[in-house]
Amino acid sequence: MSLGRIVVFAAGAAVGVLGCYALKSEKVRPVAVSTVKAGMKVRDWSVKQYENIKEDVKSLAEQAREKSNALASKETAKENV
C-alpha cells in the first residue's frame, strides 16, 4: 500500500471515531438531529419537484404527439384530394 492510501484510511478512521464519540455528546446530538431533519425535508421537496416535472414532461409529450398526429392527418387529407 502506498503512503497516501494509509493516510486517507487513518484520517477516515479518525473522523469516524470522533463522529461516533461526538454524536453521544449532549451538545452535538441536537445539531445532528436537526441536520438529519432538514435533510429529510430536502429529500421530500426534491421528490415532489421531480414528480411535478415528470407530469409536466408527460403532458408536453402528449400535446406534441397530438399535434404531430393532427399535422399528419392534414397532410394525408391533402394528398387524397
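As shown above, the structure is provided for reference.
The rules behind each value
Residues numbered from 1 in each chain as written. Predicted model: local features only at pLDDT ≥ 70, side-chain atom pairs only at ≥ 80, totals over all residues. Heavy atoms only, no water. Helix = DSSP H or I, 4+ residues; strand = E, 2+ residues; numbered from the N terminus. Areas by Shrake-Rupley, 256 points an atom, 1.4 Å probe, with all protein chains shown as cover. Lys, Arg positive; Asp, Glu negative; His and termini not counted. Charge placed at Lys NZ, Arg CZ, Asp CG, Glu CD. Buried < 20%, exposed > 50% of the residue type's maximum accessible area, 1.4 Å probe, protein only. Salt bridge = Lys/Arg side-chain N within 4 Å of Asp/Glu carboxyl O. Patch = residues over 30% accessible without salt bridge, like charges linked within 9 Å, V, L, I, M, F, W, Y side chains within 5 Å.

A.B. asks: Is there a simple way to think about the overall build of the protein chain in this case?
C.D. replies: Assigned secondary structure in the protein chain consists of two helices and zero strands. Counting only C-alpha atoms, the protein chain reaches 85 × 40 × 10 Å along its principal axes. Element-wise, carbon and sulfur atoms account for 65% of the exposed surface of the protein chain, whose accessible area totals about 7600 Å². Of note, the protein chain has its 14 positive side-chain charges centred 13 Å away from the centre of its 9 negative side-chain charges.

A.B. asks: Looking at this model, I keep getting lost on the environment of Gly 12. Mind explaining?
C.D. replies: Within the secondary structure, Gly 12 is located in helix 1 (residues 3-23). Residue Gly 12 is classed as partly exposed on the basis of its relative accessible area, which comes to 43%. In this structure the C-alpha to C-alpha distance between Gly 12 and Trp 45, which are 33 residues apart in sequence, comes to 31 Å.

A.B. asks: Mind showing me how you'd approach the pattern of salt bridges here?
C.D. replies: Pairing between side chains of opposite charge can happen when the charged atoms of each approach one another. Inspection of the entire model under this criterion finds two salt bridges. The residue Asp 44 makes a salt bridge to Arg 43 at a minimum N-O spacing of 3.0 Å. Classification of Asp 44 by relative accessible area gives partly exposed; the value is 44%. Across the pair Glu 51 and Lys 54 runs a salt bridge, and its minimum N-O distance is 4.0 Å. A residue pair is termed a helical-turn pair when its members lie 3 or 4 positions apart in one helix, as Glu 51 and Lys 54 do in helix 2 (residues 28-80) at three residues.

A.B. asks: Would you explain a nonpolar patch on the surface in this entry?
C.D. replies: Judged by side-chain polarity, Leu 3, Ile 6 and Val 7 come together as a nonpolar surface patch covering roughly 300 Å² of accessible area. Residue placement: Val 7 occurs in helix 1.

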